[in-house]
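Here's the letter readout for the chains.
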Amino acid sequence: MKTLLYIFTFLFLVPKVSETELTSVEWQTDYKTVLKQAKKNKKNVLVYFTGSDWCPPCKMLKKDLFDTNEFRELSAEYVLLYVDIPRNKDILTPEQYAKNKELLPKYNKKGVFPLMAVLSPNGVLLDDYSGYSMNGEVKYHLDFLKKNK
């Protein structure tokens, strides 16, 4: 009986742990550090502008795109920069909030959320893609990522 319990536990718990590990990606929040890494690794930067506590399309895009294995695989081609502009100022330190706001006029002039922007390792805007219809269709987002890696 114990053997069956161990087998059952192994079969159902191990795949869930592995799946969680596969979908985790490392988003960074410091623009200067990201550019240094991008230059060193000769990769483009994927900047994600979000309003984590107020933007419904941003929340759905996280679930439908960023939490998937396909995104995890594509994200290895980029250095990732997460730029959150929350309404609740307690989510970020005042310093981080100020740094994030500084990036808006440079890379998100229209203040659109969600927005994915691709930068060269030197910080030059190469391309961007805004919005999400919240219908679960992320093909255009994935195409954008494949095109700009």
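The shown structure was predicted, so the numbers you read here are calculated from the model rather than taken from an experiment.

The rules behind these values
Residues numbered from 1 in each chain as written. Predicted model: local features only at pLDDT ≥ 70, side-chain atom pairs only at ≥ 80, totals over all residues. Heavy atoms only, no water. Salt bridge = Lys/Arg side-chain N within 4 Å of Asp/Glu carboxyl O. Helix = DSSP H or I, 4+ residues; strand = E, 2+ residues; numbered from the N terminus. Buried < 20%, exposed > 50% of the residue type's maximum accessible area, 1.4 Å probe, protein only. Contact = heavy atoms within 4.5 Å. Polar contact = N/O pair within 3.5 Å; in protein donor to acceptor, adjacent residues only side chain to side chain. Pairing = 2+ DSSP bridges. Axes fitted to C-alpha atoms, helices over the stretch in contact; angles between N-to-C directions.

## Section: the pattern of salt bridges
Stage number 1. Applying the stated criterion to the full structure yields seven salt bridges.
Stage number 2. The salt bridge involving D30 is made with K99; its shortest N-O contact spans 3.5 Å. Pair noted here: D30 is in the loop between helix 1 (2-23) and helix 2 (31-41) and K99 is in helix 5 (residues 94-107), with a separation of 69 residues, a long-range link.
Stage number 3. A residue is classified by how much of its surface remains accessible, and K99, at 43% relative accessible area, is partly exposed.
Stage number 4. Its salt-bridge partner being K63, residue D64 comes within 3.5 Å of it at the nearest N-O pair.
Stage number 5. The exposure class assigned to D64 is buried, which follows from its relative accessible area of 15%.

## As for the environment of D53
Stage number 1. By secondary structure assignment, the location of D53 is in the loop between strand 1 (44-50) and helix 3 (56-66).
Stage number 2. Among the residues examined, D53 registers a relative accessible area of 28% and is labelled partly exposed.
Stage number 3. Along the chain, D53 and P86 lie 33 residues apart, while their C-alpha atoms are 5.6 Å from each other.
Stage number 4. For D53, the contacting residues outside a window of four places in its chain are K59, P86, R87, N88 and I91.
Stage number 5. One polar contact links the side chain of D53 to the main-chain amide nitrogen of N88, over a distance of 2.8 Å.

## Observations regarding the sheet that holds strand 4 (residues 125-130)
Stage number 1. One open sheet accounts for four strands, arranged 2-1-3-4; its pairing is mixed. Where the open sheet ends on each side, the last strands, each with one partner, are strand 2 (78-84) and strand 4. Along the sheet, successive strands turn relative to each other by an average axial angle of 20 degrees, direction set aside.
Stage number 2. Of the strand pairs in this sheet, strand 3 (residues 115-119) and strand 4 are connected by five bridges, and their pairing is antiparallel. Looking across to strand 4, one finds that A117 is bridged to D128.
Stage number 3. The strands touched by helix 2 within the sheet are strand 1, strand 2 and strand 3, with strand 2 carrying the most contacts at an inclination of about 170 degrees.
Stage number 4. Contacting strand 1, strand 2, strand 3 and strand 4, helix 6 (residues 139-148) crosses the sheet at an angle of about 175 degrees to strand 4.

Don't take any of this as a statement about function, it's just geometry.
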